[in-house]
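Working through the structure, step by step
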Amino acid sequence: MNTAFQPSGNEVKRAAFSEHRRSGRLCASQKAVLDTLAAGPMTRNQIAGRAVIPLSSVCGRCRELLDADLITVMGTTQDKPARQLLQLTDKGRVVAHSEEA
């Protein structure tokens, strides 16, 4: 009887996600966030509106881009509640430009 190990669906998805993160390639929504921030500093809400991406997705992609040092927090808005203003780092500008080609 052949009892070869078969990975579960979640294990396959997790492995594929890990491989994608190791590859360094940007996903479509990360690229959209970088393209939107190329216009200048803005909040996550502004990014979501301009890129037409759900705010929940923008928040996750911004966290990934912050961790990768492609964007940075430049300050906060004067609104109540205050919101972080995000901008591209030098590394983020290079990546955004190279992804265009």
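Below is a short write-up of the structure.

Parameters and conventions
- Residues take numbers from 1 onward in each chain, read along the sequence in its written order.
- Since the coordinates come from a predicted model, pLDDT governs what is reported: local features require at least 70, and pairs of side-chain atoms require 80 or more to be given and counted, while whole-chain, interface and lining totals use all residues.
- The side-chain figures draw on all heavy atoms in the structure; neither hydrogens nor water molecules are used.
- Every angle, taken between N-to-C directions, lies between 0 and 180 degrees, and every axis is a line fitted to C-alpha atoms, over only the stretch in contact when it is a helix.
- Secondary structure follows DSSP: runs of H or I at least 4 residues long count as helices, runs of E at least 2 residues long count as strands, and numbering of each begins at the N terminus.
- Handedness of a helix crossing follows the sense of rotation of the near helix relative to the far helix, less than a right angle counterclockwise being left-handed and clockwise being right-handed.
- By definition in these notes, contact holds between two residues if any of their heavy atoms fall within 4.5 Å.
- Only Asp, Glu, Lys and Arg are considered charged in this grouping, and only Ala, Val, Leu, Ile, Met, Phe, Trp, Tyr, Cys and Pro are considered nonpolar; every other residue, Gly among them, is considered polar.
- Put simply, buried Ala, Val, Leu, Ile, Met, Phe, Trp, Tyr and Cys residues joined by side-chain atoms within 4.5 Å make one nonpolar core.
- Summary of the burial criterion: residues with accessible area below 20% of their type's maximum are buried, those above 50% are exposed, and those between are partly exposed, where the area comes from a 1.4 Å probe applied to protein chains only.
- By definition here, a helix of n residues has an expected span of 1.5 Å times n minus one.

Considering the packing of helix α3 (residues 44-51) against helix α4 (residues 55-67)
Remark: α3 packs on α4, axes separated minimally by 9 Å, with the N-to-C direction vectors making an angle of 115°. Seen along the crossing, α3 lies across α4 with a hand that is right-handed. Across from R44, N45, I47 and A48 in α3, the residues of α4 making contact are L55, V58, C59, C62 and L66. Grouping the amino acids of the contact of α3 with α4 by side-chain chemistry returns seven nonpolar, one polar and one charged.

A few points about the nonpolar core
Within soluble globular proteins, side chains that are nonpolar tend to cluster in buried spots. Membership of the largest hydrophobic core comes to 19 residues, with the highest contact counts inside it found for L34, L37, I47, C62, L65 and I71. Broken down by element, this core gets its largest block of residues, four residues, from α4. Each residue touching I47, except ones within four places of it in the same chain, is listed here: V33, T36, L37, M42, V52, V58, C62 and L86.

Digging into unusual backbone geometry
At the junction of K80 and P81, the peptide bond is cis and its omega measures out at 0° in the coordinates. The residue P81 is located in the loop between β1 (71-76) and β2 (84-88) in this model. We note that V52 has phi near 55°; this positive angle belongs to a residue other than glycine. Relative to the assigned elements, V52 resides in the loop between α3 and α4. Positive phi outside glycine occurs at D69, with the angle close to 60°. Its location among the elements puts D69 in the loop between α4 and β1. Exposure remark for D69: the relative accessible area of 42% places this residue in the partly exposed category.

A short note on α4
The end-to-end C-alpha separation of α4 is 18 Å, in line with the 18 Å expected for 13 residues at 1.5 Å each. Residues of α4 that are buried in the fold lie against α2 (28-37), α3, β1 and β2. Positioned one or two residues after α4, D69 has a phi angle of 60°, which is positive.

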